[in-house]
Amino acid sequence: MEITLSSIADLVKGEISGDGNQKIRGAASFEDAKCDEITFAGQPKFLKKIDETEAGAILVPRRFQAPMKNTVQVENPQIAFIQVLKLFHPVLKPDPGISQHASIGRSFKCGQDVSIAPFSVIGNKVTLGHRVVLHPNVVIGDNVKLGDDVRVFPNVTILERCIIGSRVTIHAGSVIGSDGFGFVPEGKRYIKIPHTGIVQIDDDVEIGANNAIDRATFGKTWIQSGVKTDNFVHISHNVIVGENSLLVGQAGISGSVKIGKNAILAGQAGIAGHLTIGNNATVGPQAGVAKSVPDGETVSGSSAIPHRLWLRVQRILPNLPELAKRISEIDRRLKKFEEQQDESNGGKNG
């Protein structure tokens, strides 16, 4: 593929500085881009060394000048670069049609241009929207509903009665609607709690590979619009994940947790059950959260110690800054006292 720089500028609504007729044949990183490729430089560390890149053109912030380079000035160079990447690497979609090797249940309904790959298994009373793509070995349970433009990658399982919105992507190996982990002790054994609810995933959500999202005990586990999850994320029964939140790899969320809008759970963060993580809150990597997090707050840290000691430590932790201040003051006074004693003893010895 070959396109002029001026055409790219039109696509990203940018302003050219340099040769608009420059031919661009690909997109690459700042370090690796060649003379017929485009890259981007949004951060100061790249802008400072912009003369070092061999790229034929660079997407840069508005009003940034690089007289010796072909540049396209845009509001957000990284977002513009994503648009260009889609131009050179469009999403590949299989041809519409239902494979003769797929298994389709009773009362199946689907929209236009649906693609169902070999060895997919679809239960009874399933509804698919327009342009849905099911890759090989996908399993869709009874009474499941999928919206428009949903992509489900190989070996995904969506179990009975779950609801998936439009423009949702579910990556390989994920399970939507597995039973929650709920057992009641009876003597020395455990009795399973039936999980009769569903999972609802709203529009514009992307679920990473090998996620497990459990159905609710009653009602629904709810992943709201715009949520993005990394690989190996576990979301337990009756969890609510607010709009446009990010769940990074190996995050684990216990049952009945409510996560607000635009929250971030970093890698391996663990959330205890029945807590609330506020809007715009951030939970740091490997953090173990044992109490609710207010809106906008960032929390981090975790350690495993005997529980009774841990409870005592938790009461002390909020007072540590004040205790440290008091200790510093005591230390200062002690040093001053020791100096006075030394002067006094020196005077007596003299």
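Quick caveat, the model's predicted, so the values are computed rather than measured. Numbers given to residues run from 1 along each chain, matching the order in which its sequence is written. Whole-chain, interface and lining totals are the exception, using all residues; otherwise, since this is a predicted model, local features are given only for residues with pLDDT of at least 70 and side-chain atom pairs are given and counted only at 80 or more. To get the side-chain values, take all heavy atoms of the structure and skip hydrogens and water.

S.K.: Sorry, what's going on with the overall build of the protein chain here?
M.R.: Secondary structure is summarised from DSSP: a helix means a run of H or I of at least four residues, a strand means a run of E of at least two, and numbering begins at the N terminus for each. A tally of regular secondary structure across the protein chain gives five helices and 39 strands. Scaling as 2.2 N^0.38, a compact globule of 350 residues should have a C-alpha radius of gyration of about 20 Å, whereas the protein chain reaches 28 Å, well beyond that. The rule is simple: take the accessible area with a 1.4 Å probe, protein chains only, and divide by the maximum for that residue type; under 20% is buried, over 50% is exposed, in between is partly exposed. In the protein chain, which comprises 350 residues, the share counted as buried stands at 39%. Counting only contacts in the protein chain whose residues sit at least 6 apart along the sequence, the fraction spanning at least 24 positions is 18%. Areas reported as accessible are Shrake-Rupley estimates using a 1.4 Å probe. Residue values count occlusion only from the protein chains shown. Working note: accessible area of the protein chain is about 19,800 Å², and carbon and sulfur atoms make up 52% of it. The positive count covers Lys and Arg only, the negative count covers Asp and Glu only, and His and the chain ends enter neither. Taken as the charge centre is NZ of Lys, CZ of Arg, CG of Asp or CD of Glu, depending on the residue. Of note, the protein chain has its 39 positive side-chain charges centred 8 Å away from the centre of its 36 negative side-chain charges. Computation of the radius of gyration draws on C-alpha atoms, with the globule rule given as 2.2 Å multiplied by the number of residues to the power 0.38. We call two residues in contact when some of their heavy atoms are within 4.5 Å.

S.K.: Would you mind going over the sheet that holds strand 7 (residues 71-74) with me for this structure?
M.R.: Across a sheet, paired strands are connected by hydrogen bonds in the backbone, their directions being either parallel or antiparallel. Strands are treated as partners if at least two bridges between them are detected by DSSP. A sheet is described by the order of its strands in space; here five strands give the open sequence 2-7-6-5-4, paired in mixed fashion. Either end of the sheet is taken by a strand with one partner, and the two such strands are strand 2 (15-17) and strand 4 (26-27). Two elements, strand 6 (residues 57-61) and strand 7, share four bridges in a ladder whose sense is parallel. Bridge pairing links V60 to Q73 in strand 7. Along the sheet, helix 1 (residues 5-12) contacts strand 2, strand 5 (37-40), strand 6 and strand 7; its crossing angle with strand 7, the most-contacted strand, is approximately 10°. To get an axis, fit a line to the C-alpha atoms, keeping to the stretch in contact for a helix; angles then go from 0 to 180 degrees between the N-to-C directions.

S.K.: Even after reading the chapter, I still don't get the pairing of strand 7, so can you show me in this structure?
M.R.: The two faces of a sheet get side chains in turn, since along a regular strand they alternate between them. Residues of strand 7 alternate between two faces, with T71 and Q73 on one and V72 and V74 on the opposite face, all of them buried. As paired strands, strand 2 and strand 7 are joined by three bridges and run antiparallel to one another. Its bridge partner being in strand 7, E15 is matched across the sheet by Q73.

S.K.: Could you clarify how one ought to interpret the layout of surface pockets in this entry?
M.R.: Here the idea is plain: a probe the size of a water molecule rolls over the atoms and shows the empty space left. Cavities and pockets were defined on a 1 Å grid built from protein atoms only: a cavity is a group of points that admits a 1.4 Å probe but offers it no way out, a pocket is an open group of points flanked by protein on both sides within 12 Å along at least five of seven lines, and a lining residue is one with an atom within 4 Å of any such point. Grid points are joined across faces, edges and corners, and a volume is the space filled by probe spheres set on the points. For the largest pocket, the calculated volume is near 520 Å³. Together, 20 residues line the largest pocket, and G288, S300, G301, Q314 and L317 are the ones closest to its centre. With three residues, the top contributor of residues to the lining of the largest pocket is helix 4 (residues 307-316). The classification used treats Ala, Val, Leu, Ile, Met, Phe, Trp, Tyr, Cys and Pro as nonpolar, Asp, Glu, Lys and Arg as charged, and all other residues, Gly among them, as polar. Of the residues contributing to the lining of the largest pocket, the split by class is 11 nonpolar, seven polar and two charged.

By themselves, these are just geometric observations and shouldn't be taken as functional.
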